[in-house]
Amino acid sequence: MLLRCFVLFLVASTLCVQADITLVSEGRPSAIIVTADHPSRVVRYAAEELVHHLEKSCGARLEVRTESEAKLTAPPRIYIGASRAVREAGIDVEKLAAEAFVLRIKDDEVFIVGKDGGGDPLDADTCAGTLWGVYEWLDRDVGVRWLWPGELGTYVPKFKTVVARTCDETTALVLFQRRLRAGLGFESDHPALGFTTAAFKQFSNEQSVYLRRHRMGRSYPVSYGHAFTDWWEKDGKVHPEWFQLLESGKRGPNKKNGRFSMCVSNPDLQREVVSRWSAKRPPDARAPGFINACENDILGLCTCDNCRALDGAAPGDYLKFYTPASKMAGSRFVSDRYARFWLGIQQQAPAGTTVVGYAYFNYFQAPTSGIKLNSNILIGYCPSSGWFPRSAEEHAWMKQQWTDWRDTGARLFMRTNHLLDGYCMPFIFAHQFADEFHHAVEQGMVATDYDSLTGHWATQGPNLYTVARLHVRPEAAADEVLAEYYAAFGAASPAVKSYFEYWENYTTFSREKINQTMENLQASRWRSWAKAAHVLYPAECFTPAEKMLEQAMLAAGDDAEAAARVKFLQLGLQHAKLCAHVSARLTLATSTATKDEIKRAVDELIAFRRANEHSGIGNFNHLAWVEDLSWKLSEETRQPPDLYP
Ligand SMILES: [Zn+2]
């Protein structure tokens, strides 16, 4: 419970159980933080995070001591992570599930204790239950909100007195993996358009911290991904029968180094998948076992009689939501053969082992032959269409596919590529995204793996905050989540809300135009959006938005923090407008720009990026990657950014 003033304190003290604990009183520390004598890295970091946020709230810096040092100190104490005192209090850390934590606040003692690993606290593979406990408490009792990476995006309400509210509970996470791929690996042949080394370092550090604050990580390692990409090279000569049969009667890829799918009905292939997994699995392995059986990054194409015999009837709406240019056009519906493939592997695998497959391309819709799967089959929901914004009908269809797979008895995880969309434009679809997320959670979602966070925080903030926040509060309505985001803008909150509503409406109403333009300009939603940015975001669409942010700035008044956040949005908008302007000149779809014109356009853009690359408005390396595939560029920008111009 946080007390803004004395009046509230009176109300609170009569309403609350007496055992609430005051941690900071009138701006002065009244508690100390205590760790084990040899705390793990996770525990040390969790304590630092607690100190940092409390100081940001009330200016008081709590001391951190080991329990030996703290022996003679008067309570109250905040115990962070496992320690002797924790054991004496009867909290058995060993019995906690991975990443789970205990939050116990009573009798002058606060315990925030979780199941932790020994690794780097910022590594997604390090279990960090104690850190999750600290964030949960900061979120709940202090009202901290992490809007975007970095200090400006960290909203901490200001208080003079901070009280920890009585509770005693153990929290386990609903999703065993929460993953928003960080998008830090984009590489461009024109890196001058991206970050300098120093700016990239800052951007990636701040984003890594941010993702952990939203509890991104996993309880145990899970391996999956296109599983057979190197099999032809290794096994094609000896075992061609494991690979797709082409119409020509040949097995394997249809051209040298081409992609290929497998002959999934082949029982020898299924056996081989299990035996290769078993050979690699350490005999003393204790973590749950996952066998990767995700098809390669291609449609299921085997034409052999045995594979075809497994196929169910294609649903009537099988190709309804794919364009004629889609790889899906003319394809055969093959989900049943894949379901039987996964089931065949699972039945031969050791008990308790999970087989992972992707529902993708022409095996995205659920099987129709009536096959029943089970909870040891984990399916990644990976549509190759369904970009946001969707029509109501398409959105319902996408959700139905989840439901239908769920009805087979398999467990499901979200493995979509939709977040790669939108370039750095103010492209907002937060409500529709939240609706899909809620649907999946209600229908048994066990994990996520979103590809990818493109990190355009200043123009796509409401999308990104919604994605991150729903991982922590899966039940929260989109409007609740967005209200948290807007609230951080103080008196400018209503104006900022109107601003993003303008863009969400704009995005929604542009749906057909986006689809059509992408097709006309042969632009890809995830690779070459900047071919089309100027058509979808012409200069005139920015004018009302700029006015709204001017209003927001006026409303922020002398609240420096709110004004700085509005300024951050303004920078993002200015940059987006500039990118759309450059797209018009350089788009590969139509550009006739000369070398000089290219240079002028990119110099203006690069100058803007250099001036603002420490602001955190967006991931410029992602943009350099998209722009390389979208624009007519010349040799100059092939230089590293640190050397350009
Ligand atoms: Zn086959």
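Quick note: structure is the one above.
Rules behind the numbers
- Residues numbered from 1 in each chain as written.
- Predicted model: local features only at pLDDT ≥ 70, side-chain atom pairs only at ≥ 80, totals over all residues.
- Helix = DSSP H or I, 4+ residues; strand = E, 2+ residues; numbered from the N terminus.
- Buried ≥ 20, exposed ≤ 12 C-beta atoms within 10 Å, placed from the backbone.
- Contact = placed C-beta atoms within 7 Å.
- Pairing = 2+ DSSP bridges.
- Axes fitted to C-alpha atoms, helices over the stretch in contact; angles between N-to-C directions.
- Expected span 1.5 Å × (residues − 1).
- Core = buried A, V, L, I, M, F, W, Y, C linked by C-beta atoms within 7 Å.
- Parallel < 35°, antiparallel > 145°, perpendicular 65-115°, else oblique.
- Left-handed = near helix turned anticlockwise from the far one by under 90°.
- Nonpolar A, V, L, I, M, F, W, Y, C, P; charged D, E, K, R; others polar.
- Right-handed = clockwise from strand over helix to strand, strands pointing away.

(A) Region of the structure containing the environment of Pro221. By the secondary structure assignment, Pro221 is in the loop between strand E14 (217-218) and helix H6 (231-235). Judged by the 10 C-beta atoms lying within 10 Å of it, Pro221 is exposed. Along the backbone, Pro221 and Ala287 are 66 residues apart, and their C-alpha atoms lie at a distance of 7.7 Å. Beyond its immediate stretch of four places on either side in the chain, Pro221 contacts Asp125 and Ala287.

(B) Structural context of unusual backbone geometry. Across the junction of Asp451 and Ser452, the peptide omega takes the value 0°, indicating a cis bond. Following the sequence through the fold, Ser452 ends up in the loop between strand E19 (445-448) and helix H12 (461-472). A cis amide bond, omega 0°, links Tyr644 with the succeeding residue Pro645. Here Pro645 shows up in the segment after helix H20 (620-630). Unusually for a residue other than glycine, Asp108 sits at a positive phi of about 65°.

(C) Summary view of the sheet that holds strand E5 (residues 64-66). What the six strands build is an open sheet, ordered E5-E4-E6-E8-E7-E12; its pairing is mixed. Two strands bound the open sheet, and with one partner strand each, they are E5 and strand E12 (167-171). Sheet twist, expressed as the mean angle between neighbouring strand axes with direction ignored, is 15°. Sheet contacts for helix H2 (residues 41-58): strand E4 (32-35), E5 and strand E6 (77-80); angle to E4, the most-contacted strand, approximately 170°. Sitting on the sheet, helix H4 (residues 129-142) is in contact with E6, strand E7 (101-106), strand E8 (109-114) and E12, with an inclination near 135° to E8.

(D) Seen up close, the environment of Ala545. Tracing the chain through its elements places Ala545 in helix H17 (residues 539-556). Classification of Ala545 by C-beta neighbours within 10 Å gives buried; the count is 21. In this structure, Ala545 is in contact with Pro426, Tyr499, Tyr502, Trp503 and Leu573, ignoring residues within four places of it in sequence.

(E) The arrangement of helix H11 (residues 430-442) in detail. Taking 1.5 Å per residue as the helical rise, H11 with its 13 residues ought to reach 18 Å, and the 18 Å between its terminal C-alpha atoms agrees with that figure. Of the positions making up H11, those classed as buried are Ala430, Gln432, Phe433, Ala434, Glu436 and Ala440. The elements touched by buried residues of H11 are helix H10 (392-406), strand E18 (411-414), E19, H12, helix H13 (478-487) and helix H14 (493-509).

(F) Just the nonpolar core, in detail. Counting 193 residues, the largest nonpolar core has Ile80, Ile112, Ala293, Val496, Ala533, Ala552 and Val566 as the members making the most contacts within it. Top contributing element to this core by residue count: helix H18 (residues 560-586), with eleven residues. Each residue touching Ala293, except ones within four places of it in the same chain, is listed here: Ala227, Val273, Phe341, Trp342, Ile345, Val355, Val356 and Gly357.

(G) Examining H2 more closely. Compared with the 26 Å implied by 1.5 Å per residue over 18 residues, the 26 Å span of H2 between its first and last C-alpha is a close match. All of the buried residues along H2 are Val42, Val43, Tyr45, Ala46, Ala47, Glu49, Leu50, His53, Leu54, Ser57 and Cys58. Against the buried residues of H2 lie strand E2 (21-25), E4, E5, E6, H4 and strand E11 (161-164). Gly59 sits one or two positions beyond H2 and adopts a positive phi of about 80°.

(H) Representation of the packing of H10 against H11. Orientation of H10 relative to H11, taken along the N-to-C sense of each, is 20°, at an axis distance of 10 Å. One finds that H10 runs roughly parallel with respect to H11. Classified by chirality, the crossing of H11 by H10 is right-handed. From H10, His395, Met398, Lys399 and Trp402 reach across to H11, where they touch Gln432, Glu436, His439 and Ala440. In terms of residue class, the contact of H10 with H11 is built from three nonpolar, three polar and two charged.

(I) Summary view of the pairing of E19. Where E18 lies against E19, three bridges are found, and the strand directions are parallel. Considered in E19, the bridge of Leu412 is made with Met445. Between the parallel elements E18 and E19, the chain passes through H11 in a crossover that is right-handed.

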